[in-house]
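Architecture and fold: a report
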4 protein chains.
Amino acid sequence: MDYKVADLSLAAFGRKELTLAEHEMPGLMEMRRRYGASKPLAGARIAGSLHMTIQTGVLIETLVALGADVRWATCNIFSTQDHAAAAVVVGDGTAENPTGTPVFAWKGETLAEYWDEAEKVFRFKDADGNAIGPNMILDDGGDITLLVHQGTEFEKAGAVPSQDSTDNEEYKEVLRVLARSVANDPTYWTNIGAGIKGVTEETTTGVLRLYDRFKEGSLLFPAINVNDSVTKSKFDNKYGCRHSLIDGINRGTDVMIAGKTAVICGYGDVGKGSAESLRGQGARVIVTEIDPICALQAAMDGYEVKRLESVVDFADIFITTTGNFDIIRVEHFERMKHQAIVGNIGHFDNEIDMAGLAKIEGIVKDEIKPQVHQWIFPDGKKVIVLSEGRLLNLGNATGHPSFVMSNSFTNQVLAQIELFTKLEEYPIGVYVLPKHLDEEVARLHLDAIGVELTVLNQAQADYLGVPVEGPFKSDLYRY
Amino acid sequence: MDYKVADLSLAAFGRKELTLAEHEMPGLMEMRRRYGASKPLAGARIAGSLHMTIQTGVLIETLVALGADVRWATCNIFSTQDHAAAAVVVGDGTAENPTGTPVFAWKGETLAEYWDEAEKVFRFKDADGNAIGPNMILDDGGDITLLVHQGTEFEKAGAVPSQDSTDNEEYKEVLRVLARSVANDPTYWTNIGAGIKGVTEETTTGVLRLYDRFKEGSLLFPAINVNDSVTKSKFDNKYGCRHSLIDGINRGTDVMIAGKTAVICGYGDVGKGSAESLRGQGARVIVTEIDPICALQAAMDGYEVKRLESVVDFADIFITTTGNFDIIRVEHFERMKHQAIVGNIGHFDNEIDMAGLAKIEGIVKDEIKPQVHQWIFPDGKKVIVLSEGRLLNLGNATGHPSFVMSNSFTNQVLAQIELFTKLEEYPIGVYVLPKHLDEEVARLHLDAIGVELTVLNQAQADYLGVPVEGPFKSDLYRY
Amino acid sequence: MDYKVADLSLAAFGRKELTLAEHEMPGLMEMRRRYGASKPLAGARIAGSLHMTIQTGVLIETLVALGADVRWATCNIFSTQDHAAAAVVVGDGTAENPTGTPVFAWKGETLAEYWDEAEKVFRFKDADGNAIGPNMILDDGGDITLLVHQGTEFEKAGAVPSQDSTDNEEYKEVLRVLARSVANDPTYWTNIGAGIKGVTEETTTGVLRLYDRFKEGSLLFPAINVNDSVTKSKFDNKYGCRHSLIDGINRGTDVMIAGKTAVICGYGDVGKGSAESLRGQGARVIVTEIDPICALQAAMDGYEVKRLESVVDFADIFITTTGNFDIIRVEHFERMKHQAIVGNIGHFDNEIDMAGLAKIEGIVKDEIKPQVHQWIFPDGKKVIVLSEGRLLNLGNATGHPSFVMSNSFTNQVLAQIELFTKLEEYPIGVYVLPKHLDEEVARLHLDAIGVELTVLNQAQADYLGVPVEGPFKSDLYRY
Amino acid sequence: MDYKVADLSLAAFGRKELTLAEHEMPGLMEMRRRYGASKPLAGARIAGSLHMTIQTGVLIETLVALGADVRWATCNIFSTQDHAAAAVVVGDGTAENPTGTPVFAWKGETLAEYWDEAEKVFRFKDADGNAIGPNMILDDGGDITLLVHQGTEFEKAGAVPSQDSTDNEEYKEVLRVLARSVANDPTYWTNIGAGIKGVTEETTTGVLRLYDRFKEGSLLFPAINVNDSVTKSKFDNKYGCRHSLIDGINRGTDVMIAGKTAVICGYGDVGKGSAESLRGQGARVIVTEIDPICALQAAMDGYEVKRLESVVDFADIFITTTGNFDIIRVEHFERMKHQAIVGNIGHFDNEIDMAGLAKIEGIVKDEIKPQVHQWIFPDGKKVIVLSEGRLLNLGNATGHPSFVMSNSFTNQVLAQIELFTKLEEYPIGVYVLPKHLDEEVARLHLDAIGVELTVLNQAQADYLGVPVEGPFKSDLYRY
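- Per an unreviewed UniProt entry, chain A is named Adenosylhomocysteinase, and its organism is Nocardioides marmoriginsengisoli.
- On record in UniProt, under Subcellular location (unreviewed entry), the comment for chain A is "Cytoplasm".
- The UniProt entry for chain A carries the following comment under Sequence similarities (unreviewed entry): "Belongs to the adenosylhomocysteinase family."

Right under this line is the structure:
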């Protein structure tokens, strides 16, 4: 079997953790119970790209249990849990999953390695052992979706641009990988794209790219936007970060949060969860916001709302949650207190101007331990940066906990089934999951935590104008 | 001047409270500052129906300051603050508002009085003193919108049905009032309807009626759904109720909330604010829900989620927030503890089966003080019901505070301007306010509470793909 | 029967409220059940001085049910609930309490009236109708204890000083009342003092006075310090104020607390409850403190801790909780924002420099409604002061709720029984209640709110070195 | 230099962490600034026994900076941080601390090793290199204090009992070590005891032992009870556990806390911090209590209070905080849900009946990772136990954070100075630190977190009857 992971000997420990996580992922396990026999994904060849963690391991094995053939890469060079990757490769020896799944991921890949491995998820074999492409994509951030679309475009244009055509280090690697495959087969990506029924995408960023492609007419296949399911965006972002923000800060710094002044940049769902997380530990929390509605929400929730410039001198902890870039800049770093802590739980590492920080004359970057660095200014002041500005909950802790990921990933599974089995209902476009499926995801997670759901009687349902079993809300409803 | 209020001598006290409230309603005051000179509502004759409180007084006087001619009734027989009504009738003697505004409302109207007064808001006079109808409606719950539509229908049908055609006590009054006006002028409502440019509606219920009329093709003029502005639904419902729920319970009962077990039926925005309100006072809060997504939210927020039947025996306080009916029924009342407290902050009084309660054999209703009754069961057990099952925050306290109503009402003013001045952009239909206006409402409330808003630079705005000045979010965004 | 109250016709309403309150005062009702038959207070003549509220009514009737003869005055000129006073005077017509209790209190007494009425609680009659003094005192703040001690001293000295000997308006009244009684009977107070077995005192202030007298050797009889029972100080102060602070602000101002910046002066138990109260409603809370330990606690609880001078310019709400004086001074008032709200929930009205405020040149005091005034500065700025600087939870709301007062007052009843029945164990001195009684008070309040108490087995009790039934903690323990 | 640690090569990393921690321990650093020159501990030979963590490293180096000669062992076989031990042994090469300090501790000692190393802290050398005992003890739990007292007793009795005289595995080791030293020198411990001026003790348990010895007349030297300083008990216990409980659960299990039902056994300071910690993360928290006062506090704070038996079937997380034993027993384990999580943050591992658990017929103990075990019942049910029932915040996380330990340890330093320099004021007995020192500890931690302390003016101080600079509270005050 082909795979590339750090250390297969970690598989036994990984399996133990997978078993524990299964209990915390009732949505995925219910998918297995419901669909394990009918195997709605039989015939699906899913190319997957998503942080290769224990939770993703449960997702992969659920897709396999539903009949899919799967190949997997990570979507982030740092986030792989090597024991999870190993366990998935080895499999659990059960009848449903006897041989494991090909995984191409390890913690600490280079950019070149990252794109080399990403490309490998497209190399399925049919029953006779012949090369064949995937017919489904499951993506997080859109990197493997990008490979198909860019490859197809370059093939149509007749050439892949040279690596010199870009200054972007990462895009150079994309061009390298595409050039290699096109050199080998000038219609490789065109054929791959033609074979794909659809993609389900996990993140805001990936979804934005899809909407852009759809608007410009270049989208090759339909897409389901999993990110905007309520049970994804409101849960993963808010409750997931409430859990994993302090976990990352604690593991990274062991610093007492109580009594500290913490600045949360952004009060979207991630910011809301982050602010609550730190307040729950006794911090004084200050919020920065650009959107007046979110700013007013923060104020109604009892937080000070200030510009970063007004508080950067005296705050102790700075966390970006915006999805934007250049939020914490050199001018801010220079004014921070000694031993201020800076981290990002928003999106890309450019929320913090890490490049600018590194360019300060005379600054020294000193590793305290992996993913925790102190940047020593010429005057001796030190600022602590977590995970080099990347997502601190993944870099310093273990990411979101299984229960919240079970919500996100059950959306993924339902979206894969939806696209794979009802393709005719989805002409090329970008869709959110129907509300009844969104509600179903939530419903699958209630028993595990002892929630009793009230059931409408028919008269009440009629009064509200909804079916007894839902869906219950209009599309305008904001939860 | 024509008006009908309880006691004009309360006007001085009312004016003092209006002045205090103006400070707490920065959105409305900014409307006056911006548009007081240009008077975009000059020529508007606004028929208004909305709880006649101090806050509504500030709204009315804002509409007047923007040039409108206004007549006002209440939308609820109990909620009028008599000193507010008096002050609005008397006016403040300033150049902008020298003579006051006709108001037809007092606390404790009968149903017959209610509909008699509602009808009077349509009786404007033109410059020559001739009768003329309104050209705009501002409604809360849709009662005066109903008069126009039903009147028009009956006129078209040639007859108003007899009062005997219905068992509904309230609808009998509607029929009585319509029959009287039609007898007087058989095209009265048809003419009124034809003269109206549009309606702005405050509530979920009123909005549902409008969507229904639009679907069935009977909507006579365009409508703006103010209820679903974020700055209305997320603020009025959640933060307003967080404030006014405990205020109503405290004024009604003086009971210690700490240590009590409280059941919140429903975890929409009203339920979310209500649960937070009681937890902030040290209650143990249990939530009931029908929607699995909201149920899961409640659990993630740390609340128990149970069926009412599972907890009715031991809980101390029961609050309905659902917008549905028959939530607390006789079977529940019978199992409650002695001196359990029951109230509604959701919508209509039928959330609690008050009719059923009254029919229990041998039960005695005993007034402790106005809006607070103990229902004495044959075995001596007493249950305390607030505001006779109507909205306890209005009946036992003073409703939502000014600041949150300033958000809701600034939406109303903007919606009135929008429809009155840009009618051509609004063919018959039901609309929400554009997001930039929603954001503007929020923005107008930030300075008053010391919020500093961060401003995007152009590069950041481009990165996000939004204008520097907003709007910032997609329509899918849930806040 | 002798009494002096506002309006006896309020007795029926008062009785209804007393009945409701009894349910919320399980500690007192258990006292009646346990001791109603044995009547340990038979023979006790209790002179009482404590806010004449509904809760105090339940206390008085409990003392009577335990066999005591009681006479009652208020300890505050504003805090009397007239319907409570009326109901207690009338009694409930039961066998235990057929004729009611003499009460001398109404809302809004003058200082002269206050001291005239206070003196009347000493005028008991014996079985033959002859004048006789009390043998027990139950005091709040020490005013009637003061009468006995000062009267005795002046009698020993041979003369009561003239009213001109003091500038203090209130002390002039004390001297007037004492002079009158001494004129009538030169050993009146000496005899009264000799007849008294002991006093139980409710407040910090009263307790301090007692400790001072004991130290200087002038204490005439033993005293029990009820204030420092855990079930008084930790509950009344913290949880009581958490409830009644926002109740007072809401009833007084109807202002939205969410989003406002509130300053809590002092972070003792009252301050802790107050801060939690406002945060629970969405305020940003800032604390001021003099004690570094309490200041550090506030910071650990997530509050900003600043000097008043640093925040007085921008805060919206100011609440004093210190027990000290001159906390909010003219220099602060002058820097406050327009419509800032100022109130006191600490102790005396001198926490706020009301006298200084009134002396500002050109300032106007304007009553919005009773207990709510706006002070209009010469430049038009208005500051709102609640309850004229007196306790806002009593002046603007109804004081602490019954449940928390049941804790305080059960301590009072136990202390009265203790002193009256075990006098020999209490030589002159100031005592706190033994811990097992403190625990008993708590225990009596658990069932009503559904608390299940765990019981030690003998091995566990031995391990801890405590009896199975308690007391459980050392005297150092801080709860 | 003599020492015994795991790995000296960890010293560089340990030094980096020590430097970071110094910034978070402003109290200790202020001790160095104030007393670094005067060296009040010059001449002190301190035998120390306390968890050998980074924070303790800062304590040790502070004692050294104040002039003391120090030798150190751990008080717990699992809690040593090996990099901290290494760094302390190596020292930092500064003038004040050129050569490091002897440490005898590593993670994972056997009981035999533990007592062997504990004994070594007594082996000082004088200037001439001759053996000499310590003159001060700094203890946590009282183990090295026990060696001196038991050794002295056995020497007086003429013999150390045989190891066979006890079934207690740990006490066998104590007897072995004592027998060895007495064999070598029959007055060894008697001489040691005679040379010791006093002990400062950190924990409740150790303090109880000291009070017991004092009562029975066997205490050999005066003791300061550091545990009952407010800045120790209220901060370390409450705020420390609020931080480290979820940190331990997160690192141990990665399980989502939100939505789970957690049972906190005990609502003392540790329980209060623990309950707040879990609620802040969205758990439903249930409390068990034996003390009615603490139970009522829990209810007032909004928690359900139940017996363990009532909730053991459905709760997900169980945490003991009691200081008692046999709280969670086999009968409870047997009724728990699959994958329930059990941990202890109270005191000894016997809060959970680990011995009973191990004896269940057919049970299997399976290590998931160090300090995390699943106990597999014969029916396949698994229960997860953290840190084998020992303190999970030390075993699964890194213990309390530096800032809170700075409070505790500054008390230790002040207590060492107090006893060493003012011995004449402390006849044999057990003392708490004077309140002014307790306040001083708090004061030293305010600047670091931006707290502004208000200062009384003289009139205010006189009004309160306290000095302007404190102390501010009576001994009865509970904070």
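On we go from here.
Some remarks on the relation of the copies chain A and chain B
- Once chain A has been moved 0.0 Å along the axis and rotated by 180 degrees, it coincides with chain B to within an RMSD of 0.1 Å. The superposition of one copy onto the other is thereby described by a two-fold rotation axis. For chain A, the minimum C-alpha distance to the rotation axis belongs to Arg478(A) and amounts to 2.2 Å.
- A shared binding surface is used by both copies, with 100% of the interface residues of chain A retained as interface residues in chain B.

Here we look at the relation of the copies chain A and chain C
- Rotating chain A by 180 degrees and moving it 0.0 Å along the rotation axis overlays it on chain C with an RMSD of 0.0 Å.
- Counting the interface residues of chain A, we find that 100% of their copies in chain C are interface residues as well, pointing to one common contact surface.

Observations regarding the packing of helix α17 (residues 402-421) of chain B against helix α18 (residues 435-443) of chain B
Residues and elements named next belong to chain B.
- Viewed as axis vectors pointing N to C, α17 and α18 meet at an angle of 140 degrees, and their least axial separation amounts to 9 Å. Here α18 runs oblique to α17, going by the angle between their axes. The hand of the α17/α18 crossing is right-handed. Along its contact with α17, which presents Asn407, Thr410, Asn411, Leu414 and Glu418, the element α18 presents Leu437, Asp438, Val441 and Ala442.
- The residue inventory of the contact of α17 with α18, partitioned by class, reads 4 nonpolar, 3 polar and 2 charged.

Things to note about the interface of chain A and chain C
- On the chain C side, the residues contacting the 13 residues of chain A number 13 residues.
- For the interface between chain A and chain C, the tally reads 2 salt bridges.
- Taken together, the connections running from chain A to chain C amount to 6 residue pairs in polar contact (both at pLDDT 80 or more).
- Partitioned by chemical class, the residues of the side of chain A that touches chain C number 5 nonpolar, 3 polar and 5 charged.

Some details on the domain arrangement of chain A
- Segmentation of chain A into domains returns domain 1 (8-140 + 142-201) and domain 2 (241-396).
- Of note, the centres of domain 1 of chain A and domain 2 of chain A, computed from C-alpha atoms alone, are 32 Å apart.

A word on a nonpolar patch on the surface
- A cluster of nonpolar side chains, namely Tyr3(A), Leu8(A) and Val90(A), defines an oily patch on the protein surface of about 220 Å² accessible area.
- Note on placement: Tyr3(A) falls in the segment before α1 (11-23).

Remarks on the nonpolar core
- Counting 189 residues, the largest nonpolar core has Leu63(A), Trp72(A), Leu278(B), Leu278(C), Leu63(D) and Trp72(D) as the members making the most contacts within it.
- Leave out the neighbours within four places in its chain, and Leu278(C) touches Leu245(C), Ile246(C), Ile249(C), Ile257(C), Ala262(C), Ile264(C), Ala283(C) and Val285(C).
- Val285(A), Ile293(A), Tyr239(B) and Met31(C) belong to the second largest nonpolar core, which has 188 residues in total.

Some remarks on the sheet that holds strand β7 (residues 198-201) of chain B
Residue and element names in this part refer to chain B.
- The 7 strands lie next to each other as β3-β2-β1-β6-β7-β8-β17, forming an open sheet whose pairing is parallel. In this open sheet, the two edge strands, each paired with only one partner strand, are β3 (103-104) and β17 (430-432).
- Bridge count between strand β6 (residues 136-139) and β7: 4 bridges; the pairing is parallel. Counted as the bridge partner of Ile137 is Val199 from β7.
- The strands that helix α5 (residues 111-120) touches are β1 (45-49), β2 (69-73) and β3; relative to β2, the one it contacts most, it runs at about 175 degrees.

Concerning the interface of chain A and chain B
- The interface of chain A with chain B comprises 65 residues on the first partner and 65 residues on the second.
- Roughly 6000 Å² is buried in total at the junction of chain A and chain B, and carbon and sulfur atoms are behind 59% of that figure.
- The tally of links between chain A and chain B comes to 2 salt bridges.
- One salt bridge in this structure joins Asp291(A) and Lys473(B), with 2.8 Å as the shortest N-O distance.
- Linking chain A with chain B are 30 residue pairs in polar contact (both at pLDDT 80 or more).
- Of all the secondary-structure elements, those providing two or more residues to the side of chain A that touches chain B are α10 (230-253), α11 (269-279), α12 (292-300), α17 (402-421), α18 (435-443) and α19 (458-464) of chain A.
- Looking at the side of chain A that touches chain B, the element that brings in the most residues is α12(A), giving 8 residues.
- Along the lines of polarity and charge, the residues of the side of chain A that touches chain B split into 31 nonpolar, 16 polar and 18 charged.

The rules behind these values
Residues numbered from 1 in each chain as written. Chains lettered and ligands numbered in written order. Predicted model: local features only at pLDDT ≥ 70, side-chain atom pairs only at ≥ 80, totals over all residues. Heavy atoms only, no water. UniProt positions renumbered as here; feature names shortened; annotations may be inferred. Least-squares fit on C-alpha atoms with pLDDT ≥ 70 in both. Contact = heavy atoms within 4.5 Å. Axes fitted to C-alpha atoms, helices over the stretch in contact; angles between N-to-C directions. Helix = DSSP H or I, 4+ residues; strand = E, 2+ residues; numbered from the N terminus. Parallel < 35°, antiparallel > 145°, perpendicular 65-115°, else oblique. Left-handed = near helix turned anticlockwise from the far one by under 90°. Nonpolar A, V, L, I, M, F, W, Y, C, P; charged D, E, K, R; others polar. Salt bridge = Lys/Arg side-chain N within 4 Å of Asp/Glu carboxyl O. Polar contact = N/O pair within 3.5 Å; in protein donor to acceptor, adjacent residues only side chain to side chain. Domains from an automatic or database assignment. Patch = residues over 30% accessible without salt bridge, like charges linked within 9 Å, V, L, I, M, F, W, Y side chains within 5 Å. Areas by Shrake-Rupley, 256 points an atom, 1.4 Å probe, with all protein chains shown as cover. Core = buried A, V, L, I, M, F, W, Y, C linked by side-chain atoms within 4.5 Å. Buried < 20%, exposed > 50% of the residue type's maximum accessible area, 1.4 Å probe, protein only. Pairing = 2+ DSSP bridges. Buried area = accessible area lost by both parts, 1.4 Å probe.

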